[in-house]
Every structure is written in structure tokens, then in C-alpha cells.
Amino acid sequence: MKTNILNYTHEQLSKILVGLGEKKFRATQLYSWIYEKNTLNFQEMTDISKKSIALLEEKFVFELPRIHSRQDSNDGTIKILFELTDGALVETVLMRYRYGNSVCVTSQVGCNMGCKFCASGLLKKKRDLTSGEMLGQVYVVDQILKQEDKGARVSHVVVMGIGEPFDNYDNVMNFIRIINHPKALAIGARHITVSTCGIVPRIRQFAHEGIQIKLAISLHAATDEKRNLIMPINARYPIKELIEAARYYEQVTNKRVTFEYILIDDVNDGIEDARALIDLVGDMLAYI
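Residues numbered from 1 in each chain as written. Predicted model: local features only at pLDDT ≥ 70, side-chain atom pairs only at ≥ 80, totals over all residues. Heavy atoms only, no water.

### Section: the layout of surface pockets
Now for step 1: Considered as a void within the structure, the largest pocket measures approximately 630 Å³ in volume.
Now for step 2: In terms of lining, the largest pocket is formed by 30 residues, of which the most central are Cys 118, Ser 120, Met 160, Gly 161 and Ser 218.
Now for step 3: Residue classes in the lining of the largest pocket are distributed as 15 nonpolar, eleven polar and four charged. (1 Å grid on protein atoms, 1.4 Å probe; cavity = no way out; pocket = protein on both sides within 12 Å on 5 of 7 lines; lining within 4 Å. Points joined across faces, edges and corners; volume = space filled by probe spheres on them. Nonpolar A, V, L, I, M, F, W, Y, C, P; charged D, E, K, R; others polar.)

### Describing the pattern of salt bridges
Oppositely charged side chains are able to pair whenever their charged atoms sit close together.
Now for step 1: Taken as a whole and assessed by the stated rule, the structure comprises 16 salt bridges.
Now for step 2: Close ionic contact of Lys 125 with Asp 128 constitutes a salt bridge, the shortest N to O distance being 3.1 Å.
Now for step 3: A relative accessible area of 26% means that Asp 128 is categorised as partly exposed.
Now for step 4: Residue Asp 283 is joined to Arg 247 by a salt bridge in which the shortest nitrogen-to-oxygen separation is 2.9 Å. Taken together, the residues Asp 283 in the loop between helix 10 (271-281) and strand 13 (286-287) and Arg 247 in helix 9 (residues 239-253) connect sequence positions 36 residues apart. (Salt bridge = Lys/Arg side-chain N within 4 Å of Asp/Glu carboxyl O. Buried < 20%, exposed > 50% of the residue type's maximum accessible area, 1.4 Å probe, protein only. Helix = DSSP H or I, 4+ residues; strand = E, 2+ residues; numbered from the N terminus.)

### Here's the deal with unusual backbone geometry
Now for step 1: Positive phi, normally seen in glycine, also occurs at Ala 186, with a value near 55 degrees.
Now for step 2: Look at Ala 186 and you get partly exposed, because its relative accessible area is 36%.
Now for step 3: A positive phi angle, close to 60 degrees, is found at Asn 254, a residue other than glycine.
Now for step 4: Tracing the chain through its elements places Asn 254 in the loop between helix 9 and strand 12 (257-260).
Now for step 5: Residue classification places Asn 254 among the exposed positions, given a relative accessible area of 67%.

Structure (C-alpha cells):
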């Protein structure tokens, strides 16, 4: 079966191509054509031999999501509903800021975390997205920006769309390494943020990835009693374990954690909640 060439990191593609009898530099050539020259047709890659092109066409395809619908806001925000090759629908959002263009990426079709305040959980998880399907969201939005202005590009990525990124850990990390690669989209690691509802073992694993990505944790309550009401994941990984993992990440990486906290009327927005939050994370080098 042919595979989507957008699924592979530079290192993975190099190993595959060497295994097929190609030279190691072929991966760099392909990355340059795909991501720098925006060419998704092997026949147009003029510095690759016909023999190699025949092999590439035999083994690989280019698969990008199709724009199913699009909503444009007056502030420049664009919300896109993408259709994947199997017909699944996922949402991606382009947000424009003074510091650049940020894309909110979806990592799963549906979500099993069941957070009470989150619309993503209304659809149970059907499957994980591949690295290429996540990459495709950014690639298409990047093309939209370049059509508007040749100098425009996606500069920031947040993996905060539909799904729990750390429930699709390997594909998400592959995706990040692709968009961060200097021959791909060259999005700086410090411009990439991954948000988790609190899968503790993955937070600890994430601390050792050796890449300066930002970590955001959906906290939304400072006590187990309240967090249990709105976030089922807290029954598996209670606040004490979550904060210990966040401190571990901070210690290993020397990077701040961002705690996300949605104010929900008469649930977690009282003065006592603010004091509990201070007591919980007040001595950490963190953003809230």
C-alpha cells in the first residue's frame, strides 16, 4: 500500500528511502520540494531522477484534507471544517495576532476525555489523526495565508483542537518534529504549544523529549472535589499527581508550565477558588 509521505519526519523518511536503495540526501530534497517549494507532485521535482521518481510514486502519495466549509470573522479569524480521506470531519482555526499567525490543530476525531465544559467531548473518539493529517491542517492554512500575502505564513501552532494530544502521543510528537524541521515549515519550538487535560505519565515523558515546546495543562479547578465534577480524567490522575508531574516537567526542562483555567459561573469562580489556586501553584514558575 502507498503511504502518505506527509506522515514522516525527516529522520524517518531518510531511513525509509535508504532502505529502498536511495541516497540519504533524498529526504532533504523531498522536504525542500514539499515544504519550501510547495510542490506535491513528484513529476515536478526536476532534480530527482526518473528512476527515483518512479519508485517514489510506487511507494508514496500526497494526502491533504479537503476544505468542507469555512467561516471567516471580521477580526481575521478563520474556522475551517476539514474532511479527511475517510470522510471524517475535524475543525481547525487560524487566529491572527500582532506577533503572528497561529493555527489551532485537531489531534483526534472526537474525544474520550469527557470534560463537561468542552464541545469536543460531545463526539466520542473514533480514531487518532496521523501525523500527516495534523500536518495537512497547517499546510493548507499556510497556503491560504500565502495566497493572501506572499510574505505571510503560519508562525505559531497550538495543539488544542478536538481530542487529547497526549492520548495520541507518538503521532503528535512526529507532527511537531515535522513542522519544526528547518527544511519543512520551520516553526520554532517555542512557538509550538501542546495542551493536555492531565495525562500524568505523558507529561513526565514529554519532559524528556529534548525539544523546547511549551506545555499547557487544562486545570480549571484547584481541588479534587470540584475538578472531579467537570473533568473525569481527575479520577484517574488527581490534582496531587498532576501538580507533581508539572513540577517534574519544570525541573527537568527549566520551562514554565501554563495552567489553563476557564471561569465557570458559580462552579469555580469564587474567591475561595482563587485562594485554592494560589495555594496549589503559587510557588511554581507558571503562567495561569
